[in-house]
Amino acid sequence: MYEEIVKRLLSYPQRGQIQIDFDAKRQFFRLSVPIFSCKVDLPGRVKEYAAARKNLTFKPHATAYELNENQVLLIQEIPFSLDFQATLRQEIDQFWKMSRKCHQMLSEIAVEETYKNALYLDSDS
């Protein structure tokens, strides 16, 4: 019975590039979305920010950054229960909003690094 529920939940129209996976053994949903990417190489400060949080998880649930060669992913694991729990749709919507905020933050970090001299952000001055 729960397999039908899981299949229906996984067929939820995904926003953007959100990927939804289900681990039946550990009973959790894994949501992932790229929040920052570059065609060549990530800016140094963005890499540092994501690397500094490599093995850390944040709330809600188990949320973390994953750093690939030229992109940063936001990952969240949501436990699945056969008992009553909030809808997956609501969780996906909250995850999407969080990913947009993280994208904005990493974009601002990249802009500051790129235009540091023009913005007079150099601490030596």
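Our subject is the structure listed above.
Note that the structure is a prediction, hence the values are computed from the model and not measured.

**Q** Just checking my understanding: could you explain the packing of helix α2 (residues 44-52) against helix α3 (residues 88-114) for this structure?
**A** Two quantities define a packed helix pair, namely the angle between the axes and the distance from one axis to the other. Here α2 crosses α3 at 140 degrees, and the two axes come no closer than 8 Å. Accordingly, the angle class assigned to the pair α2 and α3 is oblique. Of the residues in α3, those in contact with Gly-44, Arg-45, Val-46 and Tyr-49 of α2 are Met-105, Leu-106, Ile-109, Ala-110 and Glu-113. Of the residues belonging to the contact of α2 with α3, the class tally is six nonpolar, one polar and two charged.

**Q** Please clarify how the packing of aromatic side chains should be interpreted in this entry.
**A** The geometry of an aromatic ring pair is captured by the separation of the ring centres together with the interplanar angle, meaning the angle of the planes. Within the structure shown, the criterion is met by three aromatic pairs. When the centroid spacing of 5.0 Å and the interplanar angle of 50 degrees are considered together, the rings of Phe-22 and Phe-29 count as tilted. Take Phe-22: its relative accessible area is 22%, and that puts it in the partly exposed class. Note on Phe-58 and Tyr-65: the rings are 6.2 Å apart at their centroids and 70 degrees apart in plane angle, and the pair reads as edge-to-face. On the basis of relative accessibility, which here comes to 33%, the residue Phe-58 falls in the partly exposed class. In this arrangement the basic side chain of Arg-53 is found over the ring face of Tyr-49, its NZ or CZ atom lying 3.6 Å from the centre.

**Q** Any chance you could explain the pairing of strand β4 (residues 71-79) here in plain terms?
**A** A regular strand carries its side chains on alternate faces of the sheet. Sheet topology places strand β2 (residues 28-37) next to β4; nine bridges connect them, and they run antiparallel. Across the sheet, residue Phe-28 finds its bridge partner in β4, namely Pro-79. As paired strands, strand β3 (residues 62-67) and β4 are joined by six bridges and run antiparallel to one another. Considered in β4, the bridge of Glu-66 is made with Leu-73. The turn joining β3 and β4, which pair antiparallel and follow one another in sequence, is formed by three residues.

Parameters at a glance
Residues numbered from 1 in each chain as written. Predicted model: local features only at pLDDT ≥ 70, side-chain atom pairs only at ≥ 80, totals over all residues. Heavy atoms only, no water. Axes fitted to C-alpha atoms, helices over the stretch in contact; angles between N-to-C directions. Helix = DSSP H or I, 4+ residues; strand = E, 2+ residues; numbered from the N terminus. Parallel < 35°, antiparallel > 145°, perpendicular 65-115°, else oblique. Contact = heavy atoms within 4.5 Å. Nonpolar A, V, L, I, M, F, W, Y, C, P; charged D, E, K, R; others polar. Phe/Tyr/Trp six-rings, centres within 6.5 Å; stacked < 30°, edge-to-face > 60°. Buried < 20%, exposed > 50% of the residue type's maximum accessible area, 1.4 Å probe, protein only. Lys NZ or Arg CZ within 6 Å of the ring centre and 35° of its normal. Pairing = 2+ DSSP bridges.

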